[in-house]
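Observations on the three-dimensional arrangement
Listed below are the residues making up each chain.
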Amino acid sequence: MRRLVSDTLVIAERNLVRLPRAPELLVAFTVQPIMFVLLFRYVFGGAIKTPGFSYADFLIPGIIVQNIAFGGFVTALGLNEDLHKGLIDRFRSLPMARPAVLAGRTLADVVTNGLSATILVLTGLLIGFSFHAGVLHALAGAGLLLLFGYAFSWVFAFLGMLVSTPEAANSVGFIAVFPLTFISSAFVPVHSMPAVLRAFAEVNPFTVTVDAMRSLWLGAPAGNNVWGAAVWAVAIIAVFAPLAVARYRRAAGG
Amino acid sequence: MPAEPATPTEPLTAGRQELGPSAAAVSARGLVKSYGSVRALVGVDLDVASGSVLGLLGPNGAGKTTIIRILTTLLKPDAGSAQVVGLDVVHDAARLRERIGLAGQYAAVDENLTGLENLTMVGRLYGQPRVAARRRGNELLERFELLDAADRATKTYSGGMRRRLDLAAALVAKPPMLFLDEPTTGLDPRSRLQLWGTIEGLVAEGTTVLLTTQYLDEADRLASEIAVIDHGRVIAGGTPDELKDRVGGERLEIRLGDAAQGEPAARALASMADETPTLAGDLVTVGVHRRAGVIVEAVRRLDQAGVGVEDIALRRPTLDDVFLALTGHAAEEQQDDQVAA
């Protein structure tokens, strides 16, 4: 167990140390989310009615949840690369704890997710977003956000080992996750959608999580959303972590 | 193969670095592995004496990499068993990983980390404390002449530098047993010679090495024993000299002044040859038993037949000749049909 923790930290450190040296990744973490905030706020914002909230308040929790779900992309691309460049073979020939390669990757994602969420909140504050609930609620929201991002890291870890090239991971991930994030309450109120989409949007874990964030950060009525979001995140981890580990064993040739 | 049965009944303690000079560092029996319908290994026996170098020689897709992957615990065999430094590759896999080093076909280093960071990471994954791992990393970088590049991201390294770093990573834990999967494939001749020198240095210090190669000169230079692999089985084994002896004696090579004279030249030399002389362009190759007087006699016969000779030489058979004789095809020929290896 001590080996698992220390090996996981070594791998997480490896993935974080390389970050500043890969400028394209840094751009993905910083410039891109800022760009989306500005586009939505100023291009669509005027046309979208969000009763009870200013669009800036409405948008920030939604776009942060969307953004964090994609944080795990780095894991998909990185694992795929490691697999094909022989690094996974090297790791597997070492007397290290087996799950550490995946656990370290996803742990590193938590750090980068925290970084990009912070940048988004700061951007939000500049364009008119503000917290309407207490500090504890705001922190609970941050915690929920990181948990949700962590869950999607496992989805992407699985995906990264399922497909044969980083490009495939990119397009499959994009096609699978992007519509999910849009058919939700992230950018528009769900009651504005056609009935079928609306039915889907209401049970979509993204909607549940975004609504939970709005209640924790903006004081919106929560219903069961906070617990619902936590359960969704844990359920996603419970399904995809074992799938990813099994896939890792197989993909690595065992 | 020298069918010296190993002694798997007495596992050596994991802590001991020195095995006796005659102890088996690797002993594999009846290894079988299939990938779907592709039969990669169909029953491989191997022995590597401690302190020696075994070269697995064979074309692409012969099964060399599969053997390495099984012996380094990356892959479980479908059937058969293997011990490496006295530890079973399946049942003692975790302990075995502490005692082996693997340098792969692809230089498995993290391109975004520096040379030193790569080695430190590997050291820590062997369970070394950070400071000790860094110290060992620096030691290895110095030894492999990479100290100047220690703090550069490895994506800026040349191919040869990457291979050296990959090899250094395999040596972090001072393993008594080293596996090298095509260590010089794709390297330029100078880097290749350099890496050969490094490997020879490790062997001189007592490291046991099992390496795969498709280069006959590489096996000839590095290996004390060679196992020739083709279609998932060992088709021949022995020292490089033993293998060459199996192909027969000397090769007399005559370069003709005029390629059109190949036929009369072959006729003139037929009665002194072991087998029918072979013709390739202006080159006539004649297998002969004895050395003494052969050149003089050949020149005399060719002169009488009115064949002009550009050059004539007697050489020992190379492993190319061995491969051709054993498999009926040249070693390099198969490079294109890539079967899952």
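Refer to the structure printed above.
A short tour of the structure in this document, coming up. Values in this document were obtained by computation on a predicted structure and should not be read as measured data.

Scanning chain B from N- to C-terminus turns up 11 helices and 14 strands. Relative to its full complement of 341 residues, chain B shows a buried share of 45%. Partitioning the intrachain contacts of chain B with sequence separation of at least 6 by distance along the chain shows that 69% fall at a separation of at least 24.

What chain A contains, in helices and strands, is 12 helices and 0 strands. Reading chain A from its N end, one meets helices and strands in the order α-α-α-α-α-α-α-α-α-α-α-α. What you see for chain A is a C-alpha radius of gyration of 19 Å, in line with the 18 Å of a compact globule of 254 residues. Overall, chain A is about 60 × 35 × 35 Å in size when its C-alpha atoms are taken along their principal axes. Expressed as a percentage of its 254 residues, the buried residues of chain A come to 46%. Here the analysis covers contacts within chain A between residues at least 6 apart in sequence; of these, 79% occur between residues at least 24 apart.

What follows covers the nonpolar core. Counting 144 residues, the largest nonpolar core has Val65(A), Leu71(B) and Val84(B) as the members making the most contacts within it. If we ignore the near neighbours within four places in the chain, the residues touching Val84(B) are Ala25(B), Val26(B), Leu71(B), Val89(B), Leu96(B), Ile100(B) and Met177(B). Residues Ile254(B), Val286(B), Val288(B) and Leu302(B) belong to the second largest nonpolar core, which totals 12 residues.

Quick look at the interface of chain B and chain A now. Between chain B and chain A, the residue contacts involve 25 residues of the former and 20 residues of the latter. Considering each element in turn, the side of chain B that touches chain A owes the most residues, 5 residues, to helix α3 (residues 115–125) of chain B. Tallied by class, the residues present in the side of chain B that touches chain A amount to 13 nonpolar, 5 polar and 7 charged.

Moving on, we come to the packing of helix α3 (residues 31–44) of chain A against helix α7 (residues 100–126) of chain A. All names here are of chain A. The geometry of α3 relative to α7 is characterised by a closest axis approach of 9 Å and an angle of 30° between their N-to-C directions. Here α3 lies roughly parallel to α7, going by the angle between them. Here α3 and α7 pass one another in a crossing that is right-handed. On α7, the residues that touch Pro33, Ile34 and Val37 of α3 are Ser116, Ile119, Leu120, Thr123 and Gly124. Residue classes in the contact of α3 with α7 are distributed as 5 nonpolar, 3 polar and no charged.

Another aspect to go through is the sheet that holds strand β14 (residues 309–315) of chain B. Either a parallel or an antiparallel arrangement is found when strands of a sheet pair, and the pairing is made through backbone hydrogen bonds. Residue and element names in this part refer to chain B. Sheet architecture is open: 4 strands sit in the order β12-β13-β11-β14, paired in antiparallel fashion. Where the open sheet ends on each side, the last strands, each with one partner, are β12 (278–280) and β14. Pairs of neighbouring strands in the sheet enclose a mean axial angle of 20°, with direction left out of account. Direction of pairing for β12 relative to strand β13 (residues 283–288): antiparallel, over a ladder of 3 bridges. Bridge pairing in β13 links alanine 280 to leucine 283. Of the strands in this sheet, β11 (250–256), β12 and β13 are in contact with helix α9 (residues 262–269), which crosses β13 at around 15°.

Another point: the environment of Lys174(B). Assignment of secondary structure puts Lys174(B) in the loop between α5 (159–170) and β7 (177–181). In this structure the C-alpha to C-alpha distance between Lys174(B) and Thr207(B), which are 33 residues apart in sequence, comes to 9.0 Å.

Looking now at helix α4 (residues 55–69) of chain A. Taking 1.5 Å of rise per residue, the 15 residues of α4(A) would be expected to cover 21 Å, and the 21 Å separating its terminal C-alpha atoms lies within 8% of that figure. By the criterion of burial, α4(A) is predominantly enclosed, with 14 of the 15 residues buried.

Across 9 bridges, the pairing between strand β1 (residues 24–35) of chain B and strand β2 (residues 38–49) of chain B is antiparallel. Pairing of Ser27(B) across the sheet is with Asp47(B), part of β2(B).

All names here are of chain B. Taken together, 6 strands build an open sheet; the order of strands is β6-β7-β8-β3-β9-β10 and the sheet is mixed. Each of the sheet's edge strands pairs with one partner strand only, and the pair in question is β6 (100–103) and β10 (233–238). The average angle at which neighbouring strand axes cross in this sheet is 15°, direction not considered. Note: strand β9 (residues 225–230) against β10, 5 bridges, orientation antiparallel. Residue pairing for β10: valine 228 is matched across the bridge by alanine 236.

Criteria and thresholds
Residues numbered from 1 in each chain as written. Chains lettered and ligands numbered in written order. Predicted model: local features only at pLDDT ≥ 70, side-chain atom pairs only at ≥ 80, totals over all residues. Helix = DSSP H or I, 4+ residues; strand = E, 2+ residues; numbered from the N terminus. Buried ≥ 20, exposed ≤ 12 C-beta atoms within 10 Å, placed from the backbone. Contact = placed C-beta atoms within 7 Å. Rg over C-alpha atoms; globule rule 2.2 N^0.38 Å. Core = buried A, V, L, I, M, F, W, Y, C linked by C-beta atoms within 7 Å. Nonpolar A, V, L, I, M, F, W, Y, C, P; charged D, E, K, R; others polar. Axes fitted to C-alpha atoms, helices over the stretch in contact; angles between N-to-C directions. Parallel < 35°, antiparallel > 145°, perpendicular 65-115°, else oblique. Left-handed = near helix turned anticlockwise from the far one by under 90°. Pairing = 2+ DSSP bridges. Expected span 1.5 Å × (residues − 1).

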